[in-house]
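# Secondary and tertiary structure notes
Single-letter residue listing:
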Number of protein chains: 2
Amino acid sequence: MSSSSAAPAAKPPMRDALVAAAFRLFSERGYEQTTVDDIVALAGVGRRSFFRYFPSKEDVVFPDHERCLADMTAFLAASGPEHEPVRRVCDAARLVLQMYAENPAFSVQRYRLTRKVPGLRAYELSVVRRYERALARYLRGRFAGLPDGTLRADVIAAAVVAAHNNGLRSWLRSDGQGDAGAAVDHALGCVQREFAHPRDAGPARPAARVTALTGEQAASPADDVLVLVTRRDAPLWRVVRELEAVLDRA
Amino acid sequence: MSSSSAAPAAKPPMRDALVAAAFRLFSERGYEQTTVDDIVALAGVGRRSFFRYFPSKEDVVFPDHERCLADMTAFLAASGPEHEPVRRVCDAARLVLQMYAENPAFSVQRYRLTRKVPGLRAYELSVVRRYERALARYLRGRFAGLPDGTLRADVIAAAVVAAHNNGLRSWLRSDGQGDAGAAVDHALGCVQREFAHPRDAGPARPAARVTALTGEQAASPADDVLVLVTRRDAPLWRVVRELEAVLDRA
């Protein structure tokens, strides 16, 4: 096959043409057997053009992650105190899903390729880790000063990424059939219910109820008493948050 | 320096000698500047001996992970229905901590090296992912047939790994001072309280001013309830400490 016969009629931007040429060759010859020279020959451009867009052959497999990471960082940086932090990181994770769902055929093709090539799996792991760190960094800021703030930030970031990937992978394994958004929403919803502040998470599962004895408060302010009723298995931080909300008289 | 002057007096097994020679050179010359030939020359063995123990130069940096992964897999495979699954994966994660804590000086040295060399960080990420998958695989088995079983398994495995690494890294950053076990136990304890099934979590330790309604416990173990009575003007930290004492079932 000549490179001219493969040239796309619609003349997409050069970057897209390089990605298309690369994936065509990966599927025909295999990833390891395809060189950057093969890719530029098929795309009809020079080597320098390739490296202007992609630092390495691996990067052409994941052409949108850098943009997506930048979008996620900007999204989190634009957060305010009005955003419930766990919900916010779940919404940030949805940006990744959106990138995959924009082009289902490409995403499925890449998923199959990545599973076959250990080097690409390693690359993907490092990308996933960068998303996780971006989420954790934001949460550490929001939880600063709270007991076990960094621990909670790290655990929630990892849980959000695991849930997102669980939903994403089930969609990819179904060859991009079905509703990617619904699968990921369901998975993230579970994490949100587990970790988010009950006041912001809706009525799903209140983990702790805090009851103020208003009668005693009125009668004897000096001995103002709180009675807190909680499930014994409720996470401590969640109980503490409820206590904070009630004890905070400001 | 000649290789003979560096030969250890106690004549440790060849594998250990290779690791010692490698780390000596990594710290003197840098990781990238050290070749396998340099390592075998210093250790006084042939190249074939190196590759008998280590597939690559990267593997000599992490000489114990394969054994630890095998130990973890065996530990999880030896589990029975009597083991509460979340506690079990926390205990499995402690095997990794144990490996690090066995040799603090080596672990700290490697931590510093890994932070400087991107290729080693990528290697470590893939190792961590293998631990996470081993935990998730076990949990998927235990949660089979439960609603969202695989999702829950993936999320808990990720949370356990994140908590373990949070505790481990704070110990490594302190140059291996302090109690590694305590840091990791605390972190894993938080995850366990978050996810473990209350019926399997064992009896509580009642503390002053916190009363467990034993009647309700007996009637409905799944909804084990705590009632905490406190003055409204009590400092939050004191209330939290009381709560911690009661909620901590370790």
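Residues numbered from 1 in each chain as written. Chains lettered and ligands numbered in written order. Predicted model: local features only at pLDDT ≥ 70, side-chain atom pairs only at ≥ 80, totals over all residues. Heavy atoms only, no water.

Under an unreviewed UniProt entry, the name given to chain A is TetR family transcriptional regulator, and the organism recorded is Streptomyces misionensis.

## A short note on the pattern of salt bridges
Basically, it comes down to this: Salt bridge, as applied in this entry: a Lys or Arg side-chain nitrogen positioned within 4 Å of an Asp or Glu carboxyl oxygen. Secondary structure follows DSSP: runs of H or I at least 4 residues long count as helices, runs of E at least 2 residues long count as strands, and numbering of each begins at the N terminus.
Using the criterion set out here, one finds 22 salt bridges over all chains in the structure. Aspartate 91 of chain A is the salt-bridge partner of arginine 94 of chain A, the closest N and O atoms lying 2.6 Å from each other. One end of the pair, arginine 94 of chain A, and the other, aspartate 91 of chain A, are both in helix α7 (residues 85-101), three residues apart, so they sit about a helical turn from each other. Between glutamate 132 of chain B and arginine 129 of chain B there is a salt bridge; the shortest N-O distance is 3.3 Å. Residue glutamate 132 of chain B and its partner arginine 129 of chain B are both found in helix α9 (residues 118-142); the two are separated by three residues, about one turn of the helix. One connected set of salt bridges, linked through shared partners, spans Arg67, Asp71 and Glu102 of chain A.

## Re the UniProt feature "DNA-binding region" (unreviewed entry) in chain A
Rule in force here: UniProt positions are given in the numbering used here, feature names are shortened, and annotations may be inferred rather than shown by experiment.
Annotation from UniProt places "DNA-binding region" (unreviewed entry) at residues 35-54 of chain A. The annotated region residues 35-54 of chain A carries 75% helix and 0% strand content, and the separation between its end C-alpha atoms amounts to 13 Å.

## Concerning a positive patch on the surface
Applied cut-off: Two joining distances apply to patches: 9 Å for like charges and 5 Å for nonpolar side chains (Val, Leu, Ile, Met, Phe, Trp, Tyr), and every residue must have over 30% relative accessible area and no salt bridge. Where accessible areas are quoted, they stem from the Shrake-Rupley method and a 1.4 Å probe; at the residue level, only the protein chains shown are allowed to cover. Under the counting rule used here, the positive set is Lys and Arg, the negative set is Asp and Glu, and His together with the chain ends is not counted. Lys charges are placed at NZ, Arg charges at CZ, Asp charges at CG and Glu charges at CD.
Taken together, the side chains of Arg115, Arg121 and Arg173 of chain A together with Arg133 and Arg137 of chain B present a region of like positive charge at the surface. When you line up the elements, arginine 121 of chain A lands in helix α9 (residues 118-142).

## Observations concerning unusual backbone geometry
All names here are of chain B. Where we set the bar: Partly exposed residues are those whose accessible area sits between 20% and 50% of the maximum for their type, while under 20% is buried and over 50% is exposed, using a 1.4 Å probe and protein chains only.
One non-glycine residue, aspartate 148, lies in the positive phi region at around 55°. Its location among the elements puts aspartate 148 in the loop between α9 and α10 (149-173). Since its relative accessible area comes to 33%, aspartate 148 is described here as partly exposed. At aspartate 175, a residue that is not glycine, the phi angle is positive and equals roughly 60°. Here aspartate 175 lies in the loop between α10 and α11 (180-195).

## Observations regarding the environment of glutamine 192 of chain A
Residue and element names in this part refer to chain A. Which entries qualify depends on this criterion: Between two residues, a contact is recorded if the distance between any of their heavy atoms is within 4.5 Å.
For glutamine 192, the position within the fold is in helix α11 (residues 180-195). In sequence terms glutamine 192 and valine 89 are 103 residues apart; their C-alpha atoms lie 9.4 Å from each other. Discounting chain neighbours no more than four positions away, the residues touching glutamine 192 are Val86, Arg87 and Cys90.

## Overview of the packing of aromatic side chains
Note the following rule: Side-chain rings of Phe, Tyr and Trp, where Trp is taken by its six-membered ring, are said to pair if the distance between their centres is within 6.5 Å; with planes under 30 degrees apart they count as stacked, over 60 as edge-to-face, and otherwise as tilted. For a Lys NZ or an Arg CZ to count as sitting over a ring, it must be within 6 Å of the ring centre and within 35 degrees of the ring normal.
Counting across every chain of the model gives 15 aromatic pairs over all chains. Ring geometry for phenylalanine 23 of chain B and phenylalanine 106 of chain B: centres 4.6 Å apart, planes at 65°, overall edge-to-face. Residue phenylalanine 23 of chain B is located in helix α2 (residues 14-29), and its partner phenylalanine 106 of chain B is located in helix α8 (residues 104-116); the two are separated by 83 residues in the primary sequence. One Lys or Arg, lysine 57 of chain A, reaches over the ring of tyrosine 31 of chain A and ends 4.2 Å from the middle of that ring.

## Digging into α7 of chain A
All names here are of chain A. Spelled out, the test is: Between the first and last residue of a helix there are one fewer steps than residues, each counted as 1.5 Å, and that sum is the expected span. A 3.5 Å cut-off defines polar contacts: any pair of N or O atoms within that distance qualifies, except that in protein one atom must be a possible hydrogen donor and the other a possible acceptor, and neighbouring residues in sequence count only when both atoms are side-chain atoms.
Here α7 is 17 residues long and its end C-alpha atoms lie 24 Å apart, about the 24 Å a rise of 1.5 Å per residue gives. Residues of α7 that are buried: Pro85, Val86, Arg88, Val89, Cys90, Ala92, Ala93, Val96, Leu97, Met99 and Tyr100. Two or three places before valine 86, at the opening of α7, glutamate 84 has a side-chain oxygen 3.0 Å from that residue's backbone nitrogen.

## Considering the environment of aspartate 91 of chain B
Residues and elements named next belong to chain B. Using a relative accessible area of 29% as the deciding quantity, one classes aspartate 91 as partly exposed. Sequence spacing of aspartate 91 and aspartate 185 is 94 residues, and the spatial spacing of their C-alpha atoms is 9.4 Å. Within the structure, the side chain of aspartate 91 is placed 2.6 Å from the side chain of arginine 94, a separation counted as a polar contact.

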